[in-house]
Amino acid sequence: MTRTPPVKASSLTWRWRRNSLRRHSDVVEAWLVLVIWLLVVAAGVLAGVLVVRAVGSAFSAQAARAHSVPAVLTGHAAGTGAITGGYDDGRVWAAVRWTGADGAVHTGRAKVSPKAPAGTRVTVWTDGKGRVVPAPATGAEVALQEALACALVAPPVAAAVWGTGWVARNRLIRRRMAEWGEEWKQIGPQWGNLSGGRG
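Being a predicted model, the structure only gives us computed values, none of them experimental. (Residues numbered from 1 in each chain as written. Predicted model: local features only at pLDDT ≥ 70, side-chain atom pairs only at ≥ 80, totals over all residues. Heavy atoms only, no water.)

Student: Whenever I open this one, the overall build of the protein confuses me. Can you help?
Tutor: What the protein contains, in helices and strands, is three helices and five strands. Along the protein, helices and strands appear, N-terminal first, in the series α-α-β-β-β-β-β-α. Burial analysis of the protein (199 residues in total) assigns 22% to the buried set. Long-range pairs, those at least 24 residues apart, make up 57% of the contacts in the protein between residues at least 6 apart in sequence. Accessible surface, the protein: about 14,400 Å² in total, of which carbon and sulfur atoms supply 63%. (Helix = DSSP H or I, 4+ residues; strand = E, 2+ residues; numbered from the N terminus. Buried < 20%, exposed > 50% of the residue type's maximum accessible area, 1.4 Å probe, protein only. Contact = heavy atoms within 4.5 Å. Areas by Shrake-Rupley, 256 points an atom, 1.4 Å probe, with all protein chains shown as cover.)

Okay, here's the thing in structure tokens:
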């Protein structure tokens, strides 16, 4: 079984050292690759930070609009609720009544424990207009949503930057190949004469 020899660092960095084979386009390509990877990392990090801030701000604004108020059940809660999906917490919808900050009595529907009897005291969350709203997300829920949003946004942004750099590098390589072709048209016949027609 043959083993592939390890790639030496010197073979990866030859474009940075002075040597007779290095061309200007080799130096440009080396700098281009370095800049591309720096931009990929920076774009991914920046996109992640921005999306985390946006998600955090959205949850903070939602929490600022919600207010907890004590309420009571106006009727018996159902025994079990319909399972609606993976986020179902087992609670059921029931009619509730509460007194708003303005002293007016409000009614609505809120999620409560199954089989709770009428008159059970519960806490509901309302907005500035007295409508029932979902409870604000906890710190752990916000952190999870921020992490998921970051994982969904940062990689595509970094990939887009890498793809743009890849296109630019390929254009540089095609240009170098074209230059080599033009040089070979001039040097090729001379090389054939020097090698006795065998080259």
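Once you've had a look at it, read on.
Student: Explanation requested: the packing of aromatic side chains in the structure shown.
Tutor: In this description, a pair of aromatic rings is defined by centroid distance and the angle of the planes. Tallied over the full model, the rule gives one aromatic pair. With centroids separated by 6.4 Å and ring planes inclined at 25°, the aromatic side chains of tryptophan 162 and tryptophan 166 adopt a geometry described as stacked. Within this pair, tryptophan 162 and its partner tryptophan 166 are both found in helix H3 (residues 139–194), separated by four residues, close to a single helical turn. (Phe/Tyr/Trp six-rings, centres within 6.5 Å; stacked < 30°, edge-to-face > 60°.)

Student: Sorry, what's going on with the layout of surface pockets here?
Tutor: The gaps of empty space that remain are located by a probe, the size of a water molecule, rolled over the atoms. The space that makes up the second largest pocket amounts to roughly 180 Å³. Here the lining of the second largest pocket is built from residues that sort into three nonpolar, six polar and three charged. (1 Å grid on protein atoms, 1.4 Å probe; cavity = no way out; pocket = protein on both sides within 12 Å on 5 of 7 lines; lining within 4 Å. Points joined across faces, edges and corners; volume = space filled by probe spheres on them. Nonpolar A, V, L, I, M, F, W, Y, C, P; charged D, E, K, R; others polar.)

Student: I tried to follow a nonpolar patch on the surface on my own but got confused; where do I start?
Tutor: There is a patch of nonpolar side chains on the surface, built from Trp37, Trp162, Trp166 and Val167 and spanning about 440 Å² of accessible area. Here the nonpolar patch gets three residues from one element, more than from any other, and that element is H3. (Patch = residues over 30% accessible without salt bridge, like charges linked within 9 Å, V, L, I, M, F, W, Y side chains within 5 Å. Salt bridge = Lys/Arg side-chain N within 4 Å of Asp/Glu carboxyl O.)

Student: For this particular structure, what's the right way to read the side chain of glutamate 146?
Tutor: In this fold, glutamate 146 is placed in helix H3. The charged side chain of glutamate 146 is buried without a salt bridge, its nearest counter-charge being arginine 53 at 9.4 Å. If sequence neighbours within four positions are ignored, glutamate 146 has contacts with Val52, Val55 and Gly56. (Lys, Arg positive; Asp, Glu negative; His and termini not counted.)

Student: Explanation requested: the nonpolar core in the structure shown.
Tutor: As a rule of thumb, nonpolar side chains are buried together in soluble globular proteins. With 13 residues, the main nonpolar core has Leu73, Ala77, Val96, Val112 and Val124 as its most contacted residues. Only strand S1 (67–73), strand S2 (92–99), strand S3 (105–112) and strand S4 (121–126) provide two or more residues apiece to this core. Sorting elements by how many residues they give to this core places S2 first, with four residues. Once residues lying within four places of it in the same chain are set aside, the contact partners of valine 124 are His67, Ser68, Val69, Ala71, Val96, Trp98 and Ala110. (Core = buried A, V, L, I, M, F, W, Y, C linked by side-chain atoms within 4.5 Å.)

Student: Got a minute to help me understand the side chain of glutamate 29 in this structure?
Tutor: Within the secondary structure layout, glutamate 29 lies in helix H2 (residues 24–65). Its relative accessible area of 1% is what places glutamate 29 among the buried residues.

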